[in-house]
Amino acid sequence: MKLNEASKIMNVIIYTRVSTKDQVDNFSLNSQEKVCREYSEKQGWNVIEIFQEQGESAKTTDRKELLKLLEYCVKNKGKADAVLVYKIDRIARVSADHHSIRAALSKCGIVLRSATETINETSSGKFMENIFSAVAQFDNDVRADRTRAGLKERVRQGLWAWKPPIGYKSSSAGMIKDKQEAKILKRAFEAYSSGNYRIKDIAKMLNKWGLRTDKEKEISPQTATKILENKLYMGIIAVNGWEQEFEGIHEKIISPALFYKVQAVRQGKSTTALPRLVNNPDFPLRGIAKCYSCPKFLTGSKSTGRNGKKHSYYHCICGKTRVRKDALEESFFSFLKQIQPN
C-alpha cells in the first residue's frame, strides 16, 4: 500500500521495546513512547494503539507483545495505516526477521515507520530501511562475538560461566559445591563404577537419595547419563563445540580416577553383562586400555591354538587391534614403574 502521508491523517500503532529489566525501570519505554507520540503529533497522525515489550530481546520474533501487535493488525485490517517505532532495531535485530515482520504488516496494508530514522516507500526510503536493518544485525553480531569472547576468557581462567549444574550452586565467590548434593553424586559415581548397576538403577538411587533437578523434577535415566559423563565433576571444563578443555578452579566432587573408571564401564562394556565383565581378574586392563585405531576400549578373550593350548588376547571390536595379554600387561606395569615416585 502506498500512502500520501503528507495529505492523509494516518492511524498509527506505536511499538516500544526494551531488552532488560533495568531499562524498564529506567523509563526507557516511556522515553520511546514520548518520542513516538511527539513525532506522530508533528506529522498530524492519530495514535490508536500502543504495544510495550518489556525485557524481551529482538533476536527472536517470539515476543509476546509483537505477536499481539501482528494479531491485532490481522483482526483489524484497514484500521491502522502504520506501525511506528523509536528505531528500526526496536522491531528486530535480525535482518531476516525484520523483513518477515515487514511482509506480515504489508499484507495488512500497514507500513513501518521510525521516529528517529528517515524511511518511507520510495526507493531511497526502502534502501535506507535496509541499511538500518543491516546495521542492527551487524551490531547484534558484534555483541554476540564479544559475549562469546568473554565466555571463553572466563573459561580460560578456570571459571564456569553458566548456570551451575546439579551438585554446585552460585555464590559471591563463584561456583561452589552444594555439600549435600555433591555427596549424593559421589555415591552414584562410586556405585556405577562397580559395574553392578545400570543407568536406570543409578537414576532410581539418585531419586531415592533425594536428588532433584533445578526444576525440582526427578532424575531420569537421560539426566543420570549426563551426570556420569560430565567432566565438570572432576574439575575439567569441557564445552560442546570447543576443541580445548580447561582445568577449573572450582572444587572437585570426584577424582579423575573415579571419573575415568566410570567411563570405562560406560564405553567398554555391555550393560546387560556388567557384573561378569567388570573386575575380571583374567583381564585387568579390560575397559582401561584403548584401541589405537578407534576410541573404544579393549576387551579380552581366550583362544585355543593348534596344540590345544589356550592363549589370552586383548582386542577391539573394530578388528584392528589384537595384542597378547602378557605383552600388554608387561608393558603397562613397566610404564607404572617409570612414573612411580621414588
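The coordinates are above.
Residues numbered from 1 in each chain as written. Predicted model: local features only at pLDDT ≥ 70, side-chain atom pairs only at ≥ 80, totals over all residues. Heavy atoms only, no water.

Observations concerning helix α5 (residues 123-156)
A rise of 1.5 Å per residue sets the reference length of α5, with its 34 residues, at 50 Å; its end C-alpha atoms lie 49 Å apart and thus fit the reference within 8%. Buried within α5 we find G125, E129, S133, A136, N140 and V155. Just beyond α5, the residue with positive phi is G158, at close to 85°. (Helix = DSSP H or I, 4+ residues; strand = E, 2+ residues; numbered from the N terminus. Expected span 1.5 Å × (residues − 1). Buried < 20%, exposed > 50% of the residue type's maximum accessible area, 1.4 Å probe, protein only.)

Some details on the nonpolar core
In summary, soluble globular proteins display a tendency toward joint burial of nonpolar side chains. Ranked by internal contacts, the top residues of the largest apolar core, which has 33 residues, are F189, L206, L211, I227, Y233 and I254. At the level of secondary structure, the elements contributing two or more residues to this core comprise α6 (179-193), α7 (199-208), α8 (221-228) and α9 (256-268). Of the residues forming this core, the biggest block, 7 residues, is contributed by α6. Residues in contact with Y233, not counting those within four places in the same chain, are P165, I166, Y168, L185, F189, I227, K252, I253 and I254. Core analysis: the second largest hydrophobic core is formed by 19 residues, C73, V83, I88 and A92 among them. (Core = buried A, V, L, I, M, F, W, Y, C linked by side-chain atoms within 4.5 Å. Contact = heavy atoms within 4.5 Å.)

What about the sheet that holds strand β3 (residues 82-85)?
For sheets, the rule is that strands pair by backbone hydrogen bonds, running either parallel or antiparallel. The strand order across the open sheet built from 4 strands is β2-β1-β3-β4, with neighbouring strands paired in parallel fashion. Lying at the two open borders of the sheet, with one neighbouring strand each, are β2 (46-53) and β4 (111-114). Averaged over all neighbouring strand pairs, the angle between strand axes comes to 25°, with direction disregarded. In the sheet, β3 pairs with β4 via 4 bridges, with the strands oriented parallel. Across the sheet, L84 pairs through a bridge with R113, a residue of β4. Relative to strand β1 (residues 11-17), helix α2 (residues 28-43) is tilted by about 160°, and along the sheet it contacts β1, β2, β3 and β4. Where helix α3 (residues 64-75) meets the sheet, it contacts β1, β2 and β3, and its direction lies at approximately 150° from that of β2. (Pairing = 2+ DSSP bridges. Axes fitted to C-alpha atoms, helices over the stretch in contact; angles between N-to-C directions.)

Some points on the pattern of salt bridges
Pairing between side chains of opposite charge can happen when the charged atoms of each approach one another. Applying the stated criterion to the full structure yields 19 salt bridges. A salt bridge links K68 to E65; the nearest nitrogen and oxygen atoms lie 3.6 Å apart. Here the residue K68 and the residue E65 both occupy positions in helix α3, the gap between them amounting to 3 residues, near one helical turn. Given the relative accessible area of 39%, K68 is considered partly exposed. You can call E65 buried: its relative accessible area is 16%. (Salt bridge = Lys/Arg side-chain N within 4 Å of Asp/Glu carboxyl O.)

A closer look at the environment of L69
Within the secondary structure, L69 is located in helix α3. The class of L69 is buried, set by a relative accessible area of 1%. Considered as a pair, L69 and I14 are 55 residues apart in the sequence and their alpha carbons are 9.5 Å apart. Setting aside chain neighbours within four positions, we find L69 in contact with I13, Y15, F51, V83 and L105.

Details of a nonpolar patch on the surface
On the surface, a cluster of nonpolar side chains totalling about 350 Å² of accessible area is made up of F127, M128, I131 and V135. As for its placement among the helices and strands, V135 is situated in helix α5. Residue V135 is classed as partly exposed on the basis of its relative accessible area of 48%. (Patch = residues over 30% accessible without salt bridge, like charges linked within 9 Å, V, L, I, M, F, W, Y side chains within 5 Å. Areas by Shrake-Rupley, 256 points an atom, 1.4 Å probe, with all protein chains shown as cover.)

Re the pairing of β3
Consecutive side chains of a regular strand alternate in pointing toward one face of the sheet and then the other. Where burial is concerned, the two faces of β3 agree: the one with A82 and L84 and the one with V83 and V85 are both buried. Pairing of β1 with β3, which is carried by 4 bridges, proceeds in the parallel orientation. Among the inter-strand pairings, V12 is bridged to a residue of β3, identified as A82. Once the chain exits β3 it traverses helix α4 (residues 95-107) before rejoining the sheet at β4, and the crossover so formed is right-handed. (Right-handed = clockwise from strand over helix to strand, strands pointing away.)

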